[in-house]
Each structure stands twice: as C-alpha cells, then as structure tokens.
Amino acid sequence: MNSTKALISAALFATVSFTAGCDTQPVKANACIPPQGYDLDVAVSQSKSDLSDVCSFQFDAYLERLMNIAESDPKPANKEKFSEFLLWSNQAGLLSKQQAKSIYNRYFNVKYVSLMGDYNNCSLTCPKQQEVLANMERELLDKERGLVKISRDTSSYQRADRLLKETELVLEATCTACGAN
Amino acid sequence: MSTPSKFNLSDSTGLQLFSALVIAWMLLFAIPTQAANTPTLKLFPTTVLEDIRHTGSVAKEMESGLQEVISRLDQQQQLIIDSKCEEADDDPGCAQLNKQLGATYLEMLNIMESNLPTMEQAVETTRKSLAKRLRKELGNGMTPWTLQENLLGGQSGKQAAQTRPSLRGRSGMRLSDRFSQYYKLVSNSSSSQGSSMAVIASDIYLDMEETADLIARTRQEISRATLMGQLNQSFGVITPEMQEVVSGVKAILFGDPESEMPIAAPPTTADSTAYQSPLSL
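Thresholds, definitions, all that
Residues numbered from 1 in each chain as written. Chains lettered and ligands numbered in written order. Predicted model: local features only at pLDDT ≥ 70, side-chain atom pairs only at ≥ 80, totals over all residues. Heavy atoms only, no water. Helix = DSSP H or I, 4+ residues; strand = E, 2+ residues; numbered from the N terminus. Buried < 20%, exposed > 50% of the residue type's maximum accessible area, 1.4 Å probe, protein only. Contact = heavy atoms within 4.5 Å. Areas by Shrake-Rupley, 256 points an atom, 1.4 Å probe, with all protein chains shown as cover. Core = buried A, V, L, I, M, F, W, Y, C linked by side-chain atoms within 4.5 Å. Disulfide = S-S within 2.5 Å. Expected span 1.5 Å × (residues − 1). Bend = angle between axes of the 7 residues up to and from the residue. Polar contact = N/O pair within 3.5 Å; in protein donor to acceptor, adjacent residues only side chain to side chain. Buried area = accessible area lost by both parts, 1.4 Å probe. Salt bridge = Lys/Arg side-chain N within 4 Å of Asp/Glu carboxyl O. pLDDT = per-residue confidence, 0-100. Phe/Tyr/Trp six-rings, centres within 6.5 Å; stacked < 30°, edge-to-face > 60°.

> How should the overall build of chain A be read in this particular structure?
If you tally the helices and strands in chain A, you get seven helices and zero strands. Walking chain A from its N terminus toward its C terminus, one meets helices and strands in the order α-α-α-α-α-α-α. Classification of the 181 residues of chain A by burial places 42% in the buried group. Put simply, 66% of the contacts in chain A that link residues at least 6 apart link residues at least 24 apart. By element, 54% of the accessible surface of chain A is carried by carbon and sulfur atoms, the whole surface being about 9600 Å².

Shown next as structure tokens:
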C-alpha cells in the first residue's frame, strides 16, 4: 500500500516537474517580440538582452524596429548608437565583422557599399554598370533613412546623392573609354 | 676562455649607422606611401591640354562662319511660319520663301563642309587622347572603391573639396566658350584636385562623343543634301531631318539654354566634428 502511494507521489511529482519545465519555453518564444516604445536606449538594451538569448534568429526584425524607433526621434547621436549596437552584434556572434560594416555603411556612411570590389573598373564595374548604378540608387534610399530620417545629417546625405550623380557620369565616360580600345 | 663580445666599438658604431640609414630609408619611402593613399590623377597631360585648346580655336572659327547664316535661316523659317506657308503649298510667295530657305540651308551645309574636316580631326584627337587617359587612370588604374574615394576627395581631402571648380554642363554655351572654360578649369587646377578632374575629364569626353556623333550625322546630311540639290535644284519645305540637323548644329555650337544643368558643383563639406564609427569604411 505504502509502495503504491509512493509510486503515485513520484508520478505526480514527475508530471508537475515536466509541466513546469514546459512552461518556461513559451515565455521565451513570446519574448522574441521586438521592443515597443520610443526610447531608443531602452529598446537597444532590451534588444541586446533578447538577441543574446534565444531570439538571435530575429535579428533583422529587431534592427528594423530599432530603426523605426530612431526615426521617431532623429538626432546625430543615433548614428553612434547604431554603430555600438552593430559592434555588439558582431562581438555577440550575431553578425560577422563584414556584415556589421556593410549594414552600418549602407545606412550611415556617404560611401556606397554597392560600389566595391578588388578588380579594376574596366573589368569589374563596366560589364555590370547599370546593375551597379541601380544598386547604388537603392542604397541611396537606405542612406536617406539612416542619414536624414534617423541621424538628421542632411549634408552627408547630399554628399552621397552627389557622389551617385558623379559616379554615374564618370562611369559612363570611363566605360565608354574602356570599350574604345 | 672568455666568450668574445659580439660587437666591439666599431661594430656598435656601424650598427648605429646602419639603424640610422634604415630609419632614413623608411622615412623616405613612408611619405610617398602615405600620398599614394589618395592617388594623383594624370588625366590632363600637356598634350591633352593642347588638344582641348586647339579644338576650342577650331570651334571658334566655325562659329564665326556659321553664325550669320544660321541667324538668317531662323528668320526665314519664322517668316514661313508667320505667313502660314505650311498650309499654302501652291502660293508663289511661299514657294519663293521655301526656295530661299533651301538655299540658305545649302549655304550652311557648304560652310560646314569646308570646316568640318578640321573640326572632326580636332574633336577626334581630343576624344582619343581623353579616352586613353580615362581608360588608363580610372578604368584600369582604379577599383570601384578607389574611384568613389577619389570622387569624394579622399579621407583627408576636405580642403580640396572646398576649392573644387564647378562645371556648368555640356550645353548652354558656345562650343568655343565651353572649350575655353574647360581649358581654364584644367590648366588652373592643381593635381591635388583629382576628384573634380575625373568629373571634368568625363564631362569633356562625353561632350566629344556627342560632338563627334553630330559631326558624323551632319556630314551624312551634307552628302544627302548635295544629292537632293543636284536632283531637284530646290528643297522646298524644310524637312524634319533638315530641321534636326539645324537644331543639332545650333545646340552644339551655340548652346541650348533650356538644357542648362550644373553637373559638378562642389559638394557640401562634411563636418569635421561628426561622429566617426569604428565600422566606417
């Protein structure tokens, strides 16, 4: 009789323990919701906490949300906050150094990550000149977001805009010259 | 037995001398290496400058010969429009006006025919020399990344960016004036302004391409018009093709104010106190 009671108690304990163990998982899954509110510092802090745990697969959504929050309070200091966040993401193993650089420069630098490469322009850029320029135009939209809407840095945006126009002109001439052997 | 000293006094002096030489050697080569980060463009050697100057002189001669006849052509065309001759084919007065217009058009073609070979030669020479420089310096000598660094004036090129000349574009002024301006821009600019030189060189080169194309089309039109003249002795109403040639000649020689657009005004210089991320490229 006693042994039956002990067996039932053990089964109950096991069931309760198992159920309680399952309880923690949905809480973690629900936590992978990008931060709300309008305070970028708080949002960055929460994002770091979530992303360093089980939510790393949601990195893009978190970054997008942080950008939305920053857009609601644009200021030059935001550029540094995103730089620090991306550096942290690299150190936390969420992004490679190259990915962090690519994201930062795409949004917050005058120079275009779409215009990169290790070979000369005649052999690398000219064969896909239109594709490169189309990518630069898309990147300019991201720069508008990063530089103007988030960082309120219109002069850098204007430089980026002019750089695109000058690149278009110079590439047209250079690529014509490359083909005029 | 004591271990012999590795260096005696004379060895030590030799080592010091050697170290000094190494340091001097390093300093000597360190300076050009730093400068090499912002490569100097050699887009406008003396030969290219001379080609540009010569093309400007040839253009000026051609303009002075054509100005009067093109002005007359405009007046005659306006008279035909004002007289509503387009709807009165049988009117003898209109026929006379059309004949005069055709004759003036032929006159313009004849003047161009006598000037075009020299102009064509000058444009072609400038175009070829610029193509060679662009291909060598920007096409084969740079990666996409170094090209954009150059256009931005390099990391430390803020001062150069402030002193960049502005270029007004390929249209909107006389061809000879354009070349005169190109010549001044290029000859007065130092090699440190490599970024704007790339834009100016590209602009002049594309201008040469358009001019060469117009010259080729005009020469074809001259051949066609001469044949027509031999067949009909008269052109009658000016055709759309003729109108296109006249417009093209006017635009390239005397400018087209409506299409004025600045191409390379100096960009806003970045704030030196702005945040620099360690992720910045």
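Now that the structure is up, let's keep going.
> Please explain the nonpolar core as it appears in this structure.
Proteins that are soluble and globular tend to have nonpolar side chains buried together. The biggest cluster of nonpolar side chains holds 79 residues, and the ones touching the most others in it are Leu-43, Phe-44, Leu-66, Tyr-105, Met-108, Leu-138 and Ile-204 of chain B. At the level of secondary structure, the elements contributing two or more residues to this core comprise helix H6 (129-150) and helix H7 (154-179) of chain A together with helix H2 (46-82), helix H3 (92-140), helix H4 (144-151), helix H6 (175-188), helix H7 (194-232) and helix H8 (240-254) of chain B. The greatest single-element share of this core, amounting to 16 residues, is contributed by H3 of chain B. Not counting residues up to four positions away in its chain, the partners in contact with Met-108 of chain B are Leu-66, Val-69, Ile-70, Leu-73, Val-245, Val-246 and Val-249 of chain B. In terms of nonpolar packing, the next biggest core, distinct from the first, is built from 25 residues, Cys-55, Ala-70 and Phe-85 of chain A together with Leu-279 of chain B among them.

> Explain the state of the cysteines here, please?
Linking two cysteines covalently via their sulfur atoms produces the bond known as a disulfide. If you walk through the whole model with that rule in mind, you get four disulfides over all chains. Note that Cys-126 of chain A is cross-linked by a disulfide to Cys-175 of chain A, the S-S spacing being 2.1 Å. Handedness here is read from the sign of the S-S torsion; for Cys-126 of chain A and Cys-175 of chain A, about -85°, the answer is left-handed. Of this pair, Cys-126 of chain A sits in the loop between helix H5 (97-108) and H6 while Cys-175 of chain A sits in helix H7, and the two are 49 residues apart along the sequence. A residue is classified by how much of its surface remains accessible, and Cys-126 of chain A, at 14% relative accessible area, is buried. We classify Cys-175 of chain A as buried; its relative accessible area is 11%. Note that Cys-85 of chain B is cross-linked by a disulfide to Cys-94 of chain B, the S-S spacing being 2.1 Å. Judged by the sign of its S-S torsion, about -75°, the bond between Cys-85 of chain B and Cys-94 of chain B is left-handed. Among the residues examined, Cys-85 of chain B registers a relative accessible area of 2% and is labelled buried. By sequence-ordered numbering of the bonded cysteines, chain A has its disulfides arranged as 1-2, 3-6, 4-5.

> Is there a simple way to think about H2 of chain B in this case?
Residues spaced three or four apart along an α-helix face the same direction, because each turn holds 3.6 residues. All names here are of chain B. Its 37 residues give H2 an end-to-end C-alpha distance of 52 Å, which sits within 8% of 54 Å, the value for a rise of 1.5 Å per residue. Considering bend angle alone, the principal kink of H2 is centred on Leu-66 and spans about 40°. The positive-phi residue at the C-terminal boundary of H2 is Lys-84, with phi of around 55°.

> What is the right way to read the side chain of Asn-78 of chain A from this model?
Residues and elements named next belong to chain A. Looking at the secondary structure, you find Asn-78 in helix H4 (residues 77-91). Under the relative-accessibility criterion, Asn-78 is labelled buried at 1%. A distance of 3.0 Å separates the side chain of Asn-78 from the backbone oxygen of Ile-150, its partner in a polar contact. In this structure, Asn-78 is in contact with Leu-40, Ala-70, Asp-73 and Ile-150, ignoring residues within four places of it in sequence.

> For this particular structure, what's the right way to read the interface of chain A and chain B?
When the parts come together, some accessible area is lost, and that loss is often what is quoted as the size of the interface. Contacts between the two partners involve 43 residues from chain A and, on the opposite side, 38 residues from chain B. A combined buried area of about 3600 Å² lies between chain A and chain B, and 64% of that area is made up of carbon and sulfur atoms. When the buried area of chain A at its contact with chain B is split by residue, Lys-111, Arg-159 and Leu-169 of chain A rank highest and sum to 19% of it. Taken together, the links from chain A to chain B amount to one salt bridge. The salt bridge involving Lys-111 of chain A is made with Glu-149 of chain B; its shortest N-O contact spans 3.4 Å. Counting across the interface, chain A meets chain B through 13 residue pairs in polar contact (both at pLDDT 80 or more). Secondary structure elements with two or more residues in the side of chain A that touches chain B: H4, H5 and H7 of chain A. For the side of chain A that touches chain B, the element with the highest residue contribution is H7 of chain A, accounting for 16 residues.

> Looking at this structure, how should I read the confidence of the model for chain B?
Any region with low pLDDT has predicted coordinates that should not be read closely. All names here are of chain B. Residues of chain B with pLDDT of at least 70 account for 62%, and the chain-wide mean is 71. Mean pLDDT across the secondary structure elements of chain B bottoms out at helix H5 (residues 158-162), with 43, and peaks at H4, with 92. Considering only residues more than four positions removed or in separate chains, one finds that residues 258-270, a stretch of pLDDT under 50, has 39 contacts. For this predicted complex, the interface confidence score (ipTM) comes to 0.79, while the overall pTM stands at 0.69.

> Help me out: how do you make sense of the packing of aromatic side chains in this one?
For any pair of aromatic rings, the description rests on two quantities: the centre-to-centre distance and the angle between the ring planes. Residues and elements named next belong to chain A. Going through the model one piece at a time under the given rule, you end up with five aromatic pairs over all chains. Between Phe-59 and Phe-85, the ring centres sit 5.9 Å apart and the planes meet at 5°, which makes this aromatic pair stacked. On the criterion of sequence distance, the pair formed by Phe-59 in helix H3 (residues 59-71) and Phe-85 in helix H4 is long-range, its members being 26 residues apart. With respect to class, Phe-59 is no different from Phe-85; both count as buried. One aromatic cluster in this structure is built from Phe-82, Tyr-104, Tyr-107 and Phe-108.

> Mind showing me how you'd approach unusual backbone geometry here?
Leaving glycine out, the prevailing phi sign among residues is negative, and the prevailing peptide bond configuration is trans. We note that Arg-152 of chain A has phi near 55°; this positive angle belongs to a residue other than glycine. Assignment of secondary structure puts Arg-152 of chain A in the loop between H6 and H7. Unusually for a residue other than glycine, Lys-84 of chain B sits at a positive phi of about 55°. Counting through the fold element by element, Lys-84 of chain B comes out in the loop between H2 and H3.

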